[in-house]
Amino acid sequence: MDPSPTVAHRHLAILGSSRSAGDTNQALRFLARGGDVDIVDVNDLTLTPYDYDHRYSDEDDFPALCQRMVAAETLLFATPVYWYTMSTQLKMVFDRLSDLLTIAKPMGRALAGKRASFLAVGTQPTLAQGFEDPFWQTCDYFKMRYEPGLYLQTAEPFTLSDEDRQRLTAFAARLWS
């Protein structure tokens with residue numbers, strides 16, 4: 001997948017899940033319907049893990065993903081809850097944000113003022129204590145405006161209940177406005 005945008009969107013959702021077509025994707029698609037939302041699946045990108053020496057592959061898609069983040073007004077990070085935290089796929093994106101403090105400082109500064117939030121999907125009744133910390137602390141560090149996220153509890157097989165749909169609709173109205 002080419003991570004550079006073909007059409008500029010007001011909002012960017014970054015999906016980090018080991019199952020691209022899983023529950024988190026289904027909830028995200030419902031949330032994004034009718035909005036000017038670009039969805040990027042981390043599984044479609046070539047991302048190199050963070051390297052202190054910045055030895056990244058020429059095929060690394062992280063710089064283009066950052067360009068899309070800078071071009072958007074709102075950033076949404078969508079993840080299932082794995083072992084009380086975000087997925088490995090999304091954590092790799094968060095780890096690579098470290099590059100915006102060193103080799104790509106102008107991009108890091110360009111995130112200031114953007115709105116950011118998360119959508120999490122899991123099987124427990126509530127999020128684990130501390131789950132939200134990386135999201136709001138990252139926003140604070142980059143001077144982004146943090147919007148409290150949304151958590152949906154799921155069961156197998158996955159279906160969006162009427163309550164889930166109402167919560168997603170209200171979240172979308174707040175987030176995409």
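Residues numbered from 1 in each chain as written. Predicted model: local features only at pLDDT ≥ 70, side-chain atom pairs only at ≥ 80, totals over all residues. Heavy atoms only, no water.

Q: Hey, could you go over the packing of aromatic side chains for me, with residue numbers and the actual values?
A: By the definition in use, this model includes nine aromatic pairs. Summarising the aromatic geometry, the rings of Phe94 and Phe135 are spaced 5.4 Å apart at their centres and angled 75 degrees between planes, so their arrangement reads as edge-to-face. Here Phe94 is found in helix H3 (residues 88–96), whereas its partner Phe135 is found in helix H5 (residues 133–141), with 41 residues between them in sequence. Phe135 matches Phe94 in its accessibility class, with the two residues each being buried. Where Phe118 meets Phe131, the ring centres are 5.5 Å apart and the plane angle is 65 degrees; that geometry is what we call edge-to-face. Pair noted here: Phe118 is in strand S4 (residues 115–122) and Phe131 is in the loop between S4 and H5, with a separation of 13 residues, a long-range link. A single burial state applies to Phe118 and to Phe131, both of which are buried. Site record: aromatic cluster; members linked through ring pairs are Phe77, Phe94, Phe118, Phe131 and Phe135. (Phe/Tyr/Trp six-rings, centres within 6.5 Å; stacked < 30°, edge-to-face > 60°. Helix = DSSP H or I, 4+ residues; strand = E, 2+ residues; numbered from the N terminus. Buried < 20%, exposed > 50% of the residue type's maximum accessible area, 1.4 Å probe, protein only.)

Q: Now, about the nonpolar core: what can you tell me, with residues and values included?
A: Core analysis: the largest hydrophobic core is formed by 30 residues, its most contacted members being Met69, Leu75 and Phe77. Contributions of two or more residues to this core are made by strand S1 (11–15), helix H2 (62–71), strand S3 (74–80), H3, S4 and H5. The element that contributes the greatest number of residues to this core is H2, accounting for four residues. By size, the runner-up hydrophobic cluster in this structure holds 22 residues, among which are Ala27, Ala78, Leu152 and Phe158. (Core = buried A, V, L, I, M, F, W, Y, C linked by side-chain atoms within 4.5 Å.)

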